[in-house]
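Each chain, written out:
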Amino acid sequence: MTNILMSLFSKKEEWSQGLETYLAGKKVFILAFSFAAEYIHSSEEWDRAYSRPDGYYYAGMMEALTSYGVAEKDISWGNYFEDTSRQLQGKIHEADVLFLPGGAPDEFFNRLKEKKLITTIQQFTGTIIGFSAGAMVQIQEFHITEDEHYKVYSYHDGLDLITEFDVEVHFETEDTIMQESIQRCLEEKKNVVYAIGNDGAVIVEGKSIVTLGNVKKYKRQYH
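Reading guide: rules and limits
Residues numbered from 1 in each chain as written. Predicted model: local features only at pLDDT ≥ 70, side-chain atom pairs only at ≥ 80, totals over all residues. Heavy atoms only, no water. Helix = DSSP H or I, 4+ residues; strand = E, 2+ residues; numbered from the N terminus. Rg over C-alpha atoms; globule rule 2.2 N^0.38 Å. Buried < 20%, exposed > 50% of the residue type's maximum accessible area, 1.4 Å probe, protein only. Contact = heavy atoms within 4.5 Å. Areas by Shrake-Rupley, 256 points an atom, 1.4 Å probe, with all protein chains shown as cover. Lys, Arg positive; Asp, Glu negative; His and termini not counted. Charge placed at Lys NZ, Arg CZ, Asp CG, Glu CD. 1 Å grid on protein atoms, 1.4 Å probe; cavity = no way out; pocket = protein on both sides within 12 Å on 5 of 7 lines; lining within 4 Å. Points joined across faces, edges and corners; volume = space filled by probe spheres on them. Polar contact = N/O pair within 3.5 Å; in protein donor to acceptor, adjacent residues only side chain to side chain. Arc of directions from axis to C-beta. Pairing = 2+ DSSP bridges. Core = buried A, V, L, I, M, F, W, Y, C linked by side-chain atoms within 4.5 Å.

Trainee: Can you walk me through the overall build of the protein chain in this structure?
Mentor: Tallying secondary structure elements over the protein chain gives eight helices and 10 strands in all. Computed over C-alpha atoms, the radius of gyration of the protein chain comes to 17 Å, within 12% of the 17 Å expected from 2.2 N^0.38 for 223 residues, which places it in the range of a compact globule. C-alpha atoms of the protein chain, sized along the principal axes, occupy 55 × 35 × 30 Å. Looking at the protein chain as a whole, 52% of its 223 residues are labelled buried. In the protein chain, the proportion of contacts linking residues at least 24 apart, taken out of those at least 6 apart, comes to 71%. As displayed, the protein chain offers around 11000 Å² of accessible surface, 46% of which is attributable to carbon and sulfur atoms. Between the mean site of the 22 positive side-chain charges and the mean site of the 35 negative ones, the protein chain shows a separation of 6 Å.

Here's what the structure looks like:
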């Protein structure tokens with residue numbers, strides 16, 4: 001399994017062209033379960049967000065994936081409201097790349113658990129790409145930094161695919177709340193936190209960890 005963690009996923013740029021290796025010519029399955037429940041309550045609302053041709057997220061995702069050499073016919077979407085656990089498990093097995101979008105990471109993980117997909121994802125042998133919430137849920141136990149949506153710093157169970165580090169997504173060096181969150185995570189949970197900017201990525205293949213673009217590595221300080 002290869003794990004790719006990002007903050008945003010957009011059209012190929014110079015810094016991100018290395019991702020083409022993992023995407024070109026591949027079958028991509030998007031698990032579109034990461035929405036916050038306050039915004040999407042039904043299959044109809046899910047369609048308005050994710051379905052072709054004018055779903056709010058659809059065009060941007062297609063534009064980004066095809067820029068890396070993925071054929072539109074090879075991109076499929078998992079519908080939380082319509083697809084059964086068995087259907088979703090089958091689609092994961094058929095895919096080369098499992099794509100985990102952004103949104104609400106704690107709700108995302110809970111829906112994956114509800115649909116009985118945790119073991120299937122853990123046994124997946126292809127590439128898993130996630131941005132924002134989709135990066136966070138790949139961590140064994142991830143932290144959520146306080147923001148407009150989440151009012152307190154907290155820890156949550158993740159997919160247990162990444163145990164060596166945690167991530168701070170949408171990172172901005174001047175953001176003091178993010179800096180405090182990183183330090184707290186280092187003190188309480190992890191030896192390493194990768195702070196990923198909106199134009200950055202962390203790629204994990206076995207023991208190898210490679211960063212692209214705007215990524216800063218923070219390590220626990222021993223006193």
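Trainee: How should empty space enclosed by the protein be read in this particular structure?
Mentor: Rolled over the atoms, a probe with the dimensions of a water molecule shows which regions are left empty. Under the counting rule described, the total for this entry stands at one cavity of 30 Å³ or more. Computed from the structure, the largest cavity encloses a volume of approximately 30 Å³. Along its surface, the largest cavity is lined by M6, L8, F9, S10, K11, E13, W15, S16 and Y68.

Trainee: How should the layout of surface pockets be read in this particular structure?
Mentor: Considered as a void within the structure, the largest pocket measures approximately 640 Å³ in volume. G103, S132, D147, Y150 and H170 are, among the 30 residues lining the largest pocket, the residues nearest its centre. The set of elements that each furnish at least two residues to the lining of the largest pocket consists of α7 (133-136), β6 (141-144), β8 (166-169) and α8 (176-188). No other element matches β8, which puts three residues into the lining of the largest pocket.

Trainee: I would appreciate a short explanation of the side chain of Q138 in the present structure.
Mentor: Mapping Q138 onto the fold places it in the loop between α7 and β6. Here I4 takes part through its backbone oxygen, which lies 3.4 Å from a polar atom of the side chain of Q138. Those residues in contact with Q138 that sit more than four places away from it in its chain are N3, I4, L5, L100, I128, I129, G130, L159, D160, L161 and I162.

Trainee: Quick question: what am I supposed to make of helix α4 (residues 85-94) here?
Mentor: Working note: α-helix, 3.6 residues per turn, so residues spaced by three or four point in the same direction. For α4, the complete set of buried residues consists of S85, L88 and I92. Projected down its long axis, α4 carries its buried residues within an arc of 65°, all on one side. Among the exposed residues of α4, those oriented more than 90 degrees off its buried face are R86, H93 and E94.

Trainee: Honestly, the pairing of strand β3 (residues 75-79) in this entry has me stumped. Any pointers?
Mentor: On a regular strand, each side chain points to the face opposite its neighbour's, so the side chains alternate between the two faces of the sheet. Burial of β3 is extensive: four of the five residues sit out of reach of the surface. Of the pairings in the sheet, the one linking strand β2 (residues 28-32) to β3 comprises five bridges and is parallel in character. Bridging from a neighbouring strand, A32 pairs with N79 of β3.

Trainee: Whenever I open this one, the nonpolar core confuses me. Can you help?
Mentor: One recurring pattern in soluble globular proteins is that nonpolar side chains are buried together. Counting residues in hydrophobic clusters, the biggest one holds 69 residues, and the most contacted among them are L31, L65, W77, I121 and F165. If one sorts the elements of this core by residue count, strand β9 (residues 192-205) sits on top with seven residues. Residues I182, L186, V193 and Y218 belong to the second largest nonpolar core, which totals nine residues.

Trainee: Help me understand the pairing of strand β4 (residues 97-100), please; the structure alone is not making it clear to me.
Mentor: Every second residue of β4 is oriented toward a common face, with V97 and F99 on one face and L98 and L100 on the other, all of them buried. Bridge analysis of β2 against β4 gives three bridges, and the strand direction is parallel. When the bridges of β4 are listed, I30 appears paired with F99. Two elements, β4 and strand β5 (residues 127-131), share four bridges in a ladder whose sense is parallel. Bridge pairing links L100 to G130 in β5.

Coordinates in, geometry out; function isn't part of it.
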